[in-house]
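Overview (structure and organization)
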Amino acid sequence: MDTTRKTIILFSGDFDKVMAAFIIANGAAAMDDDVTMFFTFWGLNALRRPEKVATSRKSPLQKAFAAMMPRGPGRLALSHMNFAGAGPKLMQRMMRQQNVMSLEELIATAREQGIKMVACTMSMDIMGLRAEELIDGLEFAGVASYLGDADEANVNLFI
Amino acid sequence: MTVATEELKALTIAQVVDARGTSCPGPILAAKKAIGGVPVNGVMEVLATDSGTLKDLPAWSKKMGHEFLGSFDDAGYLHLYLRKMK
């Protein structure tokens, strides 16, 4: 059987939606599919390093954006029942109790499985995020690169 | 095609994968990792506690071109069997 291709656009930076995207992506990769995840707008926050990173010069607005947005999977908010940040902590506790992989583990597994993770450079510019603020192993590209992969895919999700 | 529990228990197992305690997508990640070590025509047994595995492992086997043989629930966890076809 031919291997097929899946693409996922991760637009959302909500913890629960990012979880869903990485579970689907890892499941597809486990079924021998080539998977491309394209991270744009708020979805880029899932790829941020948790620590503050010194970067090349940013405009004041870019600085403000980067400072206000969550740094990495451990700081994302829930789309519902966020309760000023208590919601994700409760959900993470329930996930541990149910032996569900953490978001950090899912991201690491995605890399191990060779899932292609692409950061949208246009969104990075708008939101003031630099490559050095994001985790290793990413590609940097734009809409044409995503569409090129989507053309060859039989499933394209926008999350 | 699935076979009876007695026949499943009588199979010669090339590899056992213990995915008990893991939730979706843990069992299929474990199956993917282990299948490389199974010879063609060999049988892999997957142990799981996530009930979704009853549907997910047959789907994974079909997609990967392997033959899902069947499953049974024993002592609170699932035993699932598939034959590596290629």
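Residues numbered from 1 in each chain as written. Chains lettered and ligands numbered in written order. Predicted model: local features only at pLDDT ≥ 70, side-chain atom pairs only at ≥ 80, totals over all residues. Heavy atoms only, no water.

**Looking at the overall build of chain B**
Of regular secondary structure, chain B possesses 3 helices and 4 strands. In chain B, the succession of α and β elements from N to C terminus is α-β-α-β-α-β-β. Computed over the C-alpha atoms, the radius of gyration of chain B is 11 Å, within 12% of the 12 Å expected from 2.2 N^0.38 for a compact globule of 86 residues. Across its three principal axes, chain B shows a C-alpha extent of roughly 30 × 25 × 20 Å. Here the contacts in chain B between residues at least 6 apart in sequence split such that 67% fall between residues at least 24 apart. Charged side chains in chain B number 10 positive and 9 negative. The centres of these two groups are separated by 11 Å. (Helix = DSSP H or I, 4+ residues; strand = E, 2+ residues; numbered from the N terminus. Rg over C-alpha atoms; globule rule 2.2 N^0.38 Å. Contact = heavy atoms within 4.5 Å. Lys, Arg positive; Asp, Glu negative; His and termini not counted. Charge placed at Lys NZ, Arg CZ, Asp CG, Glu CD.)

**A closer look at the pattern of salt bridges**
All names here are of chain A. According to the stated counting rule, one finds 11 salt bridges over all chains in the structure shown. Asp-149 is the partner of Arg-5 in a salt bridge, and the nearest nitrogen-oxygen pair spans 3.8 Å. Here Arg-5, found in strand β1 (residues 5–10), pairs with Asp-149, found in helix α6 (residues 143–151); they are 144 residues apart in sequence, far enough to count as distant. Overall, Asp-149 belongs to the buried group, its relative accessible area being 10%. The shortest N-O distance in the salt bridge between Arg-48 and Glu-133 comes to 3.6 Å. Pair noted here: Arg-48 is in the loop between β2 (34–39) and α2 (60–68) and Glu-133 is in the loop between α5 (121–127) and β4 (139–141), with a separation of 85 residues, a long-range link. On the basis of relative accessible area, Arg-48 is assigned to the buried category, the value being 3%. Residue Glu-133 is classed as buried on the basis of its relative accessible area of 7%. Salt bridges sharing partners connect three or more residues here, namely Arg-5, Lys-116, Asp-149 and Glu-152. (Salt bridge = Lys/Arg side-chain N within 4 Å of Asp/Glu carboxyl O. Buried < 20%, exposed > 50% of the residue type's maximum accessible area, 1.4 Å probe, protein only.)

**Details of the sheet that holds strand β4 (residues 77–83) of chain B**
Residue and element names in this part refer to chain B. A sheet is described by the order of its strands in space; here 4 strands give the open sequence β1-β2-β4-β3, paired in mixed fashion. Every other strand in the sheet has two partners, leaving β1 (15–19) and β3 (67–74) as the edge strands with one partner each. Between one strand and the next, the sheet's axes are offset by a mean angle of 20°, whatever the strand orientation. Here 5 bridges tie β1 to strand β2 (residues 43–48), and the two strands are oriented parallel to one another. Bridge assignment links Gln-15 to a residue of β2, and that residue is Met-44. Running over the sheet, helix α2 (residues 26–35) touches β1, β2 and β4 and is turned about 155° from β1. (Pairing = 2+ DSSP bridges. Axes fitted to C-alpha atoms, helices over the stretch in contact; angles between N-to-C directions.)

**Brief notes about the environment of Pro-25 of chain B**
Tracing the backbone shows Pro-25 of chain B in the loop between β1 and α2. For Pro-25 of chain B, a relative accessible area of 4% puts it in the buried group. For the pair Pro-25 of chain B and Thr-53 of chain B, spaced 28 residues apart in sequence, the C-alpha separation works out to 8.9 Å. Residues within four places of Pro-25 of chain B in sequence aside, it is in contact with Ile-23, Asn-26, Met-101 and Leu-106 of chain A.

**A look at helix α3 (residues 53–64) of chain B**
For α3 of chain B, built from 12 residues, the straight-helix expectation of 16 Å at 1.5 Å per residue is met to within 8% by its first-to-last C-alpha distance of 15 Å. Among the residues of α3 of chain B, Thr-53, Leu-57, Trp-60, Ser-61, Lys-63 and Met-64 of chain B are the ones counted as buried. Here the buried residues of α3 of chain B occupy an arc of 165° about the axis, which is enough to place them on one side. Away from its buried face, by an angle of more than 90 degrees, α3 of chain B presents the exposed residues Lys-55 and Lys-62 of chain B. Looking at the packing, one finds that the buried side of α3 of chain B touches β1 and α1 (15–30) of chain A together with α2, β2, β3 and β4 of chain B. Among the residues trailing α3 of chain B, Gly-65 of chain B stands out with phi positive, at a value near 80°. (Expected span 1.5 Å × (residues − 1). Arc of directions from axis to C-beta.)

**Quick notes on the pairing of β2 of chain A**
Taken residue by residue, a regular strand's side chains alternate between the two faces of the sheet. Residue and element names in this part refer to chain A. Across the 6 residues of β2, 5 count as buried, placing the element largely inside the fold. Inspection of the sheet shows β1 paired to β2 by 6 bridges, in the parallel sense. The residue of β2 that forms the bridge with Ile-9 is Phe-38. This β-α-β element, β1 to α1 to β2, shows right-handed connectivity. Pairing between β2 and strand β3 (residues 116–120): 4 bridges, direction parallel. Each residue of the ladder has a partner; that of Thr-36, found in β3, is Lys-116. (Right-handed = clockwise from strand over helix to strand, strands pointing away.)

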